[in-house]
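Chain and residue survey
Single-letter residue listing:
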Amino acid sequence: MNGSGRIISLAPTQTEIIAALGQIGRLAGVSENCDFPEAVKGIPSFGSWYAPDLNRVIDARPDLVCTFGSHQEEMKDMLSESGIRVYHSDPGTVTASLATFVELSDILGCGSSGRSLVEGLNGRLAGVGRFVGGTDPARRPSVLRIMHWDPLITVGPGSFQHDAIEWAGGRNIMSHGPAPYFVCDPADVQARNPDLIFFCEPFIKPLLKEDPCWREVRAVREGRVHIFDCGLTCRSGPRIVDMVEQLAAALYTERTRI
């Protein structure tokens with residue numbers, strides 16, 4: 001793909017990667033949900049991440065369309081069948097997420113930028129490793145990630161968010177889960193008594209405090225309930241390392257800053 005190639009990104013994660021690679025000027029379109037960095041907000045929208053306008057995308061005749069996650073797999077196939085080149089990713093770990101940065105940079109013809117970006121992010125992850133190192137795995141703080149409140153949905157192995165918890169020095173209390181994202185029983189979660197709970201929807205915090213069963217959970221009782229920006233918790237772009245760093249700091253408040 002040459003330097004003048006026009007890109008439409010239908011997913012916030014892919015948009016953030018393209019921007020981090022210094023290729024934001026090649027974006028001819030994004031989704032309504034692409035909100036970082038600030039400069040992408042002026043780029044034409046092709047609908048939401050959940051339901052993009054694929055007919056408009058096809059009519060725009062981009063050189064590349066970027067899609068992301070299991071939800072957009074069918075869209076990827078439809079676009080490919082229309083003769084459009086598509087880059088799709090759905091990484092299940094932090095390391096796999098970083099690998100997609102290099103893959104995309106190679107496609108865009110800026111491989112050196114991708115490798116430089118990943119080198120810097122790996123250096124920061126190594127710093128987190130030193131920060132949490134030496135902690136007995138069995139004694140690491142237990143963590144619950146709430147993806148959705150009603151029904152209660154959390155993360156399990158195979159999701160990059162589960163892996164981010166591990167990188168941050170935590171133990172996912174639902175690591176036995178049957179899928180990367182799954183509905184779980186609140187009573188089971190409460191019985192596992194997590195040390196820390198985090199999510200990105202602010203309305204959840206007062207619900208935890210108001211519910212007599214949740215109030216007895218250690219994380220709620222001790223005030224270790226954290227709200228992180230959705231851009232950190234729900235996307236496997238370059239800010240996934242920010243998420244690991246911030247979660248590690250929240251888990252190990254007694255230690256020196258990362």
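Refer to the preceding data block for the structure.
Residues numbered from 1 in each chain as written. Predicted model: local features only at pLDDT ≥ 70, side-chain atom pairs only at ≥ 80, totals over all residues. Heavy atoms only, no water.

Now for the sheet that holds strand E4 (residues 86-89). Strands belonging to one sheet form pairs held by backbone hydrogen bonds; the direction of such a pair is parallel or antiparallel. Taken in spatial order, the four strands make up an open sheet running E2-E1-E3-E4, and their pairing is parallel. In this open sheet, the two strands that pair with only one neighbour each are strand E2 (27-29) and E4. This sheet shows a mean twist of 30° between the axes of neighbouring strands, independent of strand direction. Where strand E1 (residues 7-9) lies against strand E3 (residues 64-68), three bridges are found, and the strand directions are parallel. Pairing of Ile 8 across the sheet is with Val 65, part of E3. Sitting on the sheet, helix H3 (residues 73-81) is in contact with E3 and E4, with an inclination near 165° to E4. (Pairing = 2+ DSSP bridges. Helix = DSSP H or I, 4+ residues; strand = E, 2+ residues; numbered from the N terminus. Axes fitted to C-alpha atoms, helices over the stretch in contact; angles between N-to-C directions. Contact = heavy atoms within 4.5 Å.)

Attention now moves to the environment of Arg 124. By the secondary structure assignment, Arg 124 is in helix H5 (residues 111-132). The sequence separation of Arg 124 and Val 244 amounts to 120 residues, and the corresponding C-alpha distance is 9.5 Å. When neighbours within four sequence positions are excluded, Arg 124 is seen to be in contact with Val 241, Asp 242 and Glu 245.

Moving on: the packing of aromatic side chains. Overall, the coordinates contain three aromatic pairs when judged by the stated rule. Look at Phe 198 and Phe 228: their rings are 5.7 Å apart centre to centre, the planes differ by 75°, and that puts the pair in the edge-to-face class. Taken together, the residues span a long stretch of sequence, with Phe 198 in strand E9 (residues 196-199) and Phe 228 in the loop between strand E10 (225-227) and helix H11 (230-233) at a distance of 30 residues. The residues Phe 198 and Phe 228 share a single accessibility class, namely buried. A cation sits over an aromatic face here: Arg 56 above Phe 46, 4.3 Å from the ring centre. The ring of Phe 36 has Arg 239 sitting right over it, with the charged end atom 3.7 Å from the ring centre. (Phe/Tyr/Trp six-rings, centres within 6.5 Å; stacked < 30°, edge-to-face > 60°. Buried < 20%, exposed > 50% of the residue type's maximum accessible area, 1.4 Å probe, protein only. Lys NZ or Arg CZ within 6 Å of the ring centre and 35° of its normal.)

Moving on: the environment of Leu 108. Along the polypeptide, Leu 108 turns up in the loop between helix H4 (94-107) and H5. For Leu 108, a relative accessible area of 2% translates into the label buried. Note: C-alpha distance between Leu 108 and Ile 7 (101 residues apart in sequence) is 9.5 Å.

That's the geometry; what it means functionally is another story.
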